[in-house]
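# Overview (structure and organization)
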Amino acid sequence: MMRRVLSGMASCVLLAILAGCVTTSPPVSYIQLSDKSVSPGSSPSPRVMLDAVVVPDFLLRNELLIRVDEHRLRYNTSARWAEPVDIGVQRVLTARLSAALDSYAVFSFPDSHSGILDWRVDIAVRNFEAIGEDVVLTADVQLHPREGRTAIIERFDARKRLSSLDPAVVAAGLSALLGQLADGIAARIQAAEGATTN
């Protein structure tokens, strides 16, 4: 009888110890870049193809990246992207570029299209993360016009102050930077188109 009681007590103690060792991880939230529900353009031109966006490997993880300093990165394991970052960047840029150019003929690779393109856009992202109280976007942009005209090559570098590092706030800040990039690309295309018609 005593042995049965001691065995029961030992089992209870063991269960209590094991229960104390079990940790619960914080719930995971999924975030997405937003195009702010912009309306597509209403004109058939210019016809633009946004090629696949090149993103460095350290940005391709599904966890939200917080840069600690020049050499240290921290991934927020409780905040994850709902889609691959490069696909999200391309999706938002395509929608924002269509609105900024007022053209419904803005495509993203590998979407099919018919007809001759007026412009091909190549983007290589270098930085796309939160650092300190800001979000940053650095990207190399190449705009290739048709008919062998000279390509426009630029570096885009922008920063936006955040109210907090809440994952939804970070995603909104990064989305806003993509909007600035799309507006800049549209302005360069429109200026070049205007120069060729004058």
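Let us look at the structure shown here. Note on numbering: residues in each chain are counted from 1, in written sequence order. Residues qualify for local features only when their pLDDT is at least 70, as the model is predicted, and side-chain atom pairs are given and counted only at 80 or more; totals for whole chains, interfaces and linings, by contrast, use all residues. No hydrogens and no water enter the side-chain calculation; it runs on all heavy atoms of the structure.

### Notes on the side chain of Ser 108
Put simply, DSSP marks the helices as runs of H or I at least four residues long and the strands as runs of E at least two long, and each gets a number from the N terminus on. Within the secondary structure layout, Ser 108 lies in strand S5 (residues 106-108). Classification of residues uses two cut-offs on accessible area relative to the type maximum, computed with a 1.4 Å probe and protein chains only: under 20% is buried, over 50% is exposed, and between them is partly exposed. The exposure class assigned to Ser 108 is buried, which follows from its relative accessible area of 11%. Not counting residues within four places of it along the chain, the set of residues in contact with Ser 108 comprises Met 49, Leu 50, Gln 90 and Thr 94. Whether two residues are in contact is decided by their heavy atoms: any pair within 4.5 Å suffices.

### Regarding the pattern of salt bridges
Where charged atoms of side chains with opposite charge meet at close range, the side chains can pair. What makes a salt bridge here is a side-chain nitrogen of Lys or Arg within 4 Å of a carboxyl oxygen of Asp or Glu, nothing more. Counted by the stated rule, this structure contains 13 salt bridges. In this structure, Arg 72 and Asp 69 form a salt bridge, with 2.8 Å as the shortest nitrogen-oxygen distance. When its relative accessible area of 27% is taken as the criterion, Asp 69 is described as partly exposed. Taking the shortest distance from any N to any O, the salt bridge between Arg 146 and Asp 118 comes out at 2.8 Å. Here Arg 146 is found in the loop between strand S7 (134-145) and strand S8 (152-161), whereas its partner Asp 118 is found in the loop between S5 and strand S6 (119-131), with 28 residues between them in sequence.

### What about the side chain of Asp 35?
Looking at the secondary structure, you find Asp 35 in the loop between strand S1 (29-31) and strand S2 (48-50). Salt bridges are absent for the buried Asp 35, whose nearest opposite-charge side chain, Arg 91, sits at 4.3 Å. What Asp 35 contacts, discounting residues up to four positions off in sequence, is Arg 91, Val 92, Ala 95 and Arg 96. Two residue types count as positive, namely Lys and Arg, and two as negative, namely Asp and Glu; His and chain ends fall outside the count.

### So, unusual backbone geometry
The step from Ser 45 to Pro 46 runs through a cis peptide bond, and the omega angle for that step is 0°. Summarising the element assignment, Pro 46 is placed in the loop between S1 and S2. Pro 110 follows Phe 109 through a cis peptide bond whose omega is 10°. Structurally, Pro 110 is set in the loop between S5 and S6.

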